[in-house]
Structure formats: C-alpha cells, structure tokens
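Residue-level structural notes
For reference, the chains in residue letters:
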Amino acid sequence: MEREGNDCVVGDTSLTASPFDGEASILSSTLLLDHVGEVTLTFHSDRLSWKLVEPLDNDVSTCLGIKYFSKVATGIKLSDIYAFELNDHGSIHISSLPPATECLLLGQDIKMYSFTVHGFIRNKNQPSQCILVEYTFGHKNLPTCQMWVNQLNASLKHEVGRPKNLLVIVTERAGEAFDVMSSLTNVELNSYDGVVAVGGDGFFNEILNGFLSPRFKAPYPPTPSDFVHLVKDNDDSLVLDEDEIVDETSSRNEDQFPLISSPKQSGSRISNSNSEDKAAEFPLPNEWFRFGIIPAGSTDAIVICTTGTRDPITSALHIVLGKRVHLDIAQVVRWKRTPKSEVEPHVRYAASFSGYGFYGDVITESEKYRWMGPKRYDYAGTMVFLKHRSYEAEITYLDVESDETNLTSRRDHEGNLLQAIRSPQKSERCICRINCKVCNEKPNHASVGVCSLTPHLNSEETRWARSKGRFLSVGAAVISCRNEKAPDGLVADAHLSDGFLHLILIRDCPHVSYLWHLTQLTRRGGSPLNFKFVEHHKTPAFTFTSSGNESVWNVDGEIFQAHQLSAQVFRGLVCMFASGPEV
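Throughout what follows, the structure given in this document is the object of discussion. (Residues numbered from 1 in each chain as written. Predicted model: local features only at pLDDT ≥ 70, side-chain atom pairs only at ≥ 80, totals over all residues. Heavy atoms only, no water.)

The number of helices and strands found in the protein chain is 12 helices and 28 strands. Counting the 583 residues in the protein chain, one finds 53% classified as buried. For the protein chain, long-range pairs separated by at least 24 residues make up 75% of all intrachain contacts whose partners lie at least 6 apart in sequence. Counting only carbon and sulfur atoms, one obtains 50% of the accessible surface of the protein chain, whose full area is about 27300 Å². (Helix = DSSP H or I, 4+ residues; strand = E, 2+ residues; numbered from the N terminus. Buried < 20%, exposed > 50% of the residue type's maximum accessible area, 1.4 Å probe, protein only. Contact = heavy atoms within 4.5 Å. Areas by Shrake-Rupley, 256 points an atom, 1.4 Å probe, with all protein chains shown as cover.)

This is how it looks when you write it as structure tokens:
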C-alpha cells in the first residue's frame, strides 16, 4: 500500500462470488476502518468479519509509556445489523499509532468515500441490553463503496421475519387504543406486520383486548360442577342470590373501555360484521403478526420478561430485527347479573398478572393520586399495607401438577415462620430465556383449534382442588412479572409460553409476617413463596368467588370489579417482537 500526502491507495477489490446462495459466497476487499486503520473486510453468508492488514505484535500498543490492549471488534453477525448507509465524500480518521490506543488525536483525517454498517452488540454487564454500534469503512473509489452497500442491502432481504409495515399507537385518552384495534378489519390487519405500543403494561393490555375481544372466539374457562354463577356463601351452601342486581353504569371506574363477550365455540376463529372482511383470514395464533412494546410505563413487567431489560433502544431493535417469542394469554371472565336478571359474562384478557385483595386495593387507592405520577403506586401500596385487610373467598383450581411442581403448597405447613426463614427449601430456578426448551416443547397430542392452545386441560389426571378462607391477596401470574422493584418477579421460574398460570394465595397472617413476604419480593434470590401462609399452584384454570360486597381485581394494571370470575390460560396465543432474556 502506498500513501502520498492525504491520498490513500487501498488494495484491489476482489469478488470471489456475488450470489448469496451458500456458505462459499464471499466478498472481500481491503478498506480503511474509521479510527482503526487498514483492514480486510470479508462478507460471509451470515456475517461480516475484518482483520488488520498489519496486525499488532501481541495485540498491545503503547502511548506515552502506557500500554493499551486492542479492543477493536473483528466482526458482526448479519442478524445483528439493521441498516447500511452510503456516505458522501467525507473523512476517515486514521491513527498514526497502532489501533485502539487512547491517543487518536495524533492521527489524521483522510477524505474518501465510505459506507457505514449500523448494528448492535450486547452489554457485557447486562447481556440482555443492546448497545448501538456503527462501523464506517472507506475507499477512494465510489463504485467500490456502492457495490458493498448494494450487496449488503440485498443480504438483509434474506433475513426472514423483519417487519416492513408497523402500526404504532400513541394515544391521548383512555380507551382510544382499544377503539383503534377493535375497529380494524381483518383486511387492514393483514396489511401490517405488527403493532407497537409506546407505554406500559396497562396500555398494552388495552391494545391486546382491542385485538382479541372482537376476533378470538373460544369457550369460557372450565368450572367445577358445583360452580354457580353469582353465588354467595350462605351457611356454607352455594345458592343464587336473587336480590343481587348489578347496575353496570354505576360501577365506578371498573371498565375504561367496552369489552365484547365471546360465545361458546368449538374452536378459535375470526368474526367480523363487515361484509368485505368475511373473505379475509386472520388465524389465531398468528405467527407473523407480532406485538412490540417501547417501555414507557411505571413497571414494564412484560418488556422486562420478554427482552430481559427495560431499555427502549433494546426493545426498538427487537422490533426492527423482527424477533419473535410466543406469550401465554389469560382469559378472565367475570359473571354478573344484569338489570334484566340475566347472567352475563364480561371477558378481559391479561398478559402478565391478575390480582385481588392487596393488589386490587392498591390499584383502587392509586386512582386517587394520579397527580403523583408513578410514585402513587408506592404511596398507595404503603397505605393499603398499613390497613392490612383480608377477604373471605373461595378458590378452585385444576390440579394437573407433577411431583416436581407446586412444591410450596405441598410442603409441611406445620413449620413456623422462623423455620421458613432459616430453611428456605428453594427449588432450582430455571429462568425462561431465548429458545427455552419448556416454551418450545410441542404438545404430545395432535390437537387442533382451541384445544391446541389449552393442552393441560386435556390431561386425564386433572382434578379440581379447593381452597377457602380469608386471604390478604389472590394472584394469578401469567409470567414471572419481573420489574425493577421485584428483580425475580412474583414467580422466578415462570415461563413465557408453557400454558400454566401461577396461582398465589396469601392467607391472613400477622402484619410482620406479611411484611417479610413482601420484603422477599424485593430481593434478588429471595424466597417470597416459602411461607406457611402462602400457597402456590401451577394450573391452567381456576375460579374465584367472593363472600363480601367489595371485590376489585387488578388485571394488568386496570380495575376489574368481579364478585365471581373464572380464568384460563391459552398457550402462546400471541407473538411478541422479542426473543427472551439473554443470560
């Protein structure tokens, strides 16, 4: 290589094979890498790699008597690249010292044509977080740079799954996102590769319900034979309360947007009154249509569980690169009597958590302090904790667990709190991550329709179990519900798509015991489920009946009033623009 003044002469460009039809296809050139020096850039079928033309001795450089080890990247996978850019005639900085020293001011800027590769790398301290990177390569000839850009852009077209048309929703009022999603026809939905929510878990729940409520038709959750709609506990007998007439219009803040109940069907299908839409097909679950979330909420538990971090850049990259992970969705049905004395169900879908008692009281209390912003949840949580209210209720759940599950509820409840603290009896935690074996496991039976989404309901070993008494809280977690205040979530080893709900029952207990339970939630590696007053059941379906007049549920951050409800989970019903956490 020869240099004269500010001109830079680079080696000849060699193209050994231009078609992208196999591993043998390689494009190779000698270029200048900005802030590094002369490199040989090689394009493989799945990656870009480069190496210094004049490698350093022992990969060590010296500046002002201080030694620095080279940290120059040597390549990037095509799957980690989101764009290529052809630059105008600009500057490439060349160091007069070996690459990766801290003394780049001693180098020089050379005018030449260039192109930039835009991609990301993983944060070494937090592997789930993506960091934007760009590599600029220069050459004296514009056609050489143009050739590289053309070939690399062509390669991105072979990256399957990357979206080209997205619906991004940012709203101005509550319920607007539900209205937008529910009013879209199937023809319109088919024109999008997915929808992106800019907000928190509650906002995503609104979009999810707007998408599923008018389209997904499935049977209501299964219930035990003695489950009677609109019941009250009267001398230990379950009877209809003929005097209970619920005025839907008087329920304060219980529904911020309408919900469409779904009739019993033998399988999932699409239903739309628009005649132009009847011919359009939009199967559920849909492998191509995905949901993305740019985190902007108070907890962002769904983002943290699906991407591993609460970072808008990481979430945006997962969307742009077309990542895909399946997510379980819970169907929560409340049963109420209308003014016409008819039993009418109302359906809500949840992607993360549904909670009663403490959780319902917190969401209700927080509504009084919206002016405080996200801090209102801390304040409301403290106030509700000090009140220490418990509620009489009955819960039934399908017990389909193996000997390896439900360890918390099956252990000896004769132990006291001190024993629970000293002998945690932790089960091995298997964090759901990329390519999780549990989530990717296919059902053994060849079921179709809704049955394929509820594989655990078809087990021959299912039976209804019952739990009755006074509870501080009743919770059903679809996922682990990790967040910044609960690093392991409510259930550390919950999966994204295994077809199970984690039913957590907190029985009435002393104030200090409940405080210790809540404290364990805030600790990484804590044992919040290892107390004698805590029951933990993995189940595909459960029912709930309150004995009192007040009954408020928190469904993905939204108020849901229900004296009686039933719930089930659909395995992998929707796809997210995510790939699971990196560990």
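The rest of the description comes next.
Note on aromatic pairs: each is described by the distance of the centres and the angle between the planes. In this structure the tally under the stated criterion is 23 aromatic pairs. Both rings, one in Phe353 and one in Tyr359, keep their centres 4.8 Å apart while their planes meet at 70°; by these two values the pair is edge-to-face. By relative accessible area, which is 11% here, Phe353 ends up buried. On the basis of relative accessibility, which here comes to 19%, the residue Tyr359 falls in the buried class. With centroids separated by 5.8 Å and ring planes inclined at 80°, the aromatic side chains of Phe358 and Tyr514 adopt a geometry described as edge-to-face. You can see Phe358 sitting in helix H7 (residues 358-366) and its partner Tyr514 sitting in helix H12 (residues 511-521), a full 156 residues away along the chain. In this structure Phe358 comes out as buried when scored by relative accessible area, which is 14%. On the basis of relative accessible area, Tyr514 is assigned to the buried category, the value being 2%. The structure contains a cluster of three or more aromatic residues connected by ring pairs, namely Trp50, Phe115, Tyr135, Phe137 and Trp148. Positioned above the aromatic ring of Trp288, the side-chain terminus of Arg290 is 4.7 Å from the ring centre. Its guanidinium or amino end placed over the ring of Phe500, Lys538 lies 4.8 Å from that ring's centre, counting from NZ or CZ. (Phe/Tyr/Trp six-rings, centres within 6.5 Å; stacked < 30°, edge-to-face > 60°. Lys NZ or Arg CZ within 6 Å of the ring centre and 35° of its normal.)

Our next topic: the pairing of strand E11 (residues 108-122). Pairing geometry for strand E10 (residues 81-94) and E11, over 11 bridges, is antiparallel. Residue pairing in the sheet places Ile81 in a bridge with Gly119 of E11. Here E11 runs beside strand E12 (residues 130-139); their pairing, made up of 10 bridges, is antiparallel. Bridge assignment links Val117 to a residue of E12, and that residue is Tyr135. (Pairing = 2+ DSSP bridges.)

With that settled, consider the environment of Gly322. Its place among the elements puts Gly322 in the loop between helix H6 (312-320) and strand E18 (325-337). Excluding its chain neighbours within four sequence positions, the residues that come into contact with Gly322 are Gly161, Arg162, Pro163, Arg290 and Phe577.

Turning our attention to H6. Taken together, the buried positions of H6 are Thr314, Ser315, Leu317, His318 and Ile319. One or two steps after H6, the chain reaches Gly322, where phi turns positive at roughly 70°.

With that settled, the discussion passes to the packing of helix H2 (residues 176-183) against helix H4 (residues 201-212). Between H2 and H4, the shortest axis-to-axis distance is 7 Å and the interhelical angle comes to 25°. Comparing the axis directions of H2 and H4 gives the class roughly parallel. Of the two elements, H2 crosses H4, and the hand of that crossing is right-handed. Across the interface between the two elements, Glu176, Ala177, Phe178, Met181 and Ser182 of H2 pack against Phe203, Glu206, Ile207, Asn209, Gly210 and Phe211 of H4. Partitioning the contact of H2 with H4 into residue classes produces 6 nonpolar, 3 polar and 2 charged. (Axes fitted to C-alpha atoms, helices over the stretch in contact; angles between N-to-C directions. Parallel < 35°, antiparallel > 145°, perpendicular 65-115°, else oblique. Left-handed = near helix turned anticlockwise from the far one by under 90°. Nonpolar A, V, L, I, M, F, W, Y, C, P; charged D, E, K, R; others polar.)

Time to look at empty space enclosed by the protein. All told, the structure shown has 9 cavities of 30 Å³ or more when counted by the stated rule. By volume, the second largest cavity is sized at about 60 Å³. Taken together, Phe291, Ile293, Val303, Thr306, Thr307, Ser315, Ile319, Met576, Phe577 and Ala578 make up the lining of the second largest cavity. Looking at the lining of the second largest cavity, the elements that each hand over two or more residues are strand E17 (290-295), helix H5 (301-307) and H6. Examining the composition of the lining of the second largest cavity, we find that 3 residues originate from one element, H5, more than from any other. When the residues that make up the lining of the second largest cavity are grouped by side-chain class, the tally is 7 nonpolar, 3 polar and no charged. (1 Å grid on protein atoms, 1.4 Å probe; cavity = no way out; pocket = protein on both sides within 12 Å on 5 of 7 lines; lining within 4 Å. Points joined across faces, edges and corners; volume = space filled by probe spheres on them.)

Let us look at the nonpolar core. In this structure, Phe542 and Trp553 are the most contacted members of the largest nonpolar core, which totals 94 residues. If we skip the residues at most four places from it in the chain, Trp553 touches Ser354, Gly355, Tyr356, Gly360, Val474, Phe542, Phe544, Glu558, Ile559, Phe560, Ala562 and Leu565. Of all hydrophobic cores here, the second largest spans 23 residues; its members include Leu31, Val36, Val39 and Val149. (Core = buried A, V, L, I, M, F, W, Y, C linked by side-chain atoms within 4.5 Å.)

It is worth spelling out the pattern of salt bridges at this point. What the rule picks out here adds up to 14 salt bridges. Note that Asp226 is salt-bridged to Arg466, the shortest N-O span being 3.0 Å. A residue pair is termed long-range when its members are at least 10 positions apart, and Asp226 in the loop between H4 and strand E15 (231-234) and Arg466 in strand E22 (residues 463-477) qualify at 240 residues. On the accessibility criterion, Asp226 (33% relative accessible area) is partly exposed. Across the pair Arg310 and Asp300 runs a salt bridge, and its minimum N-O distance is 2.7 Å. Of this pair, Arg310 sits in the loop between H5 and H6 while Asp300 sits in the loop between E17 and H5; the two residues are 10 residues apart in sequence, bridging distant segments of the chain. You can call Arg310 partly exposed: its relative accessible area is 24%. Connected via shared salt-bridge partners are Asp226, Glu394 and Arg466. (Salt bridge = Lys/Arg side-chain N within 4 Å of Asp/Glu carboxyl O.)

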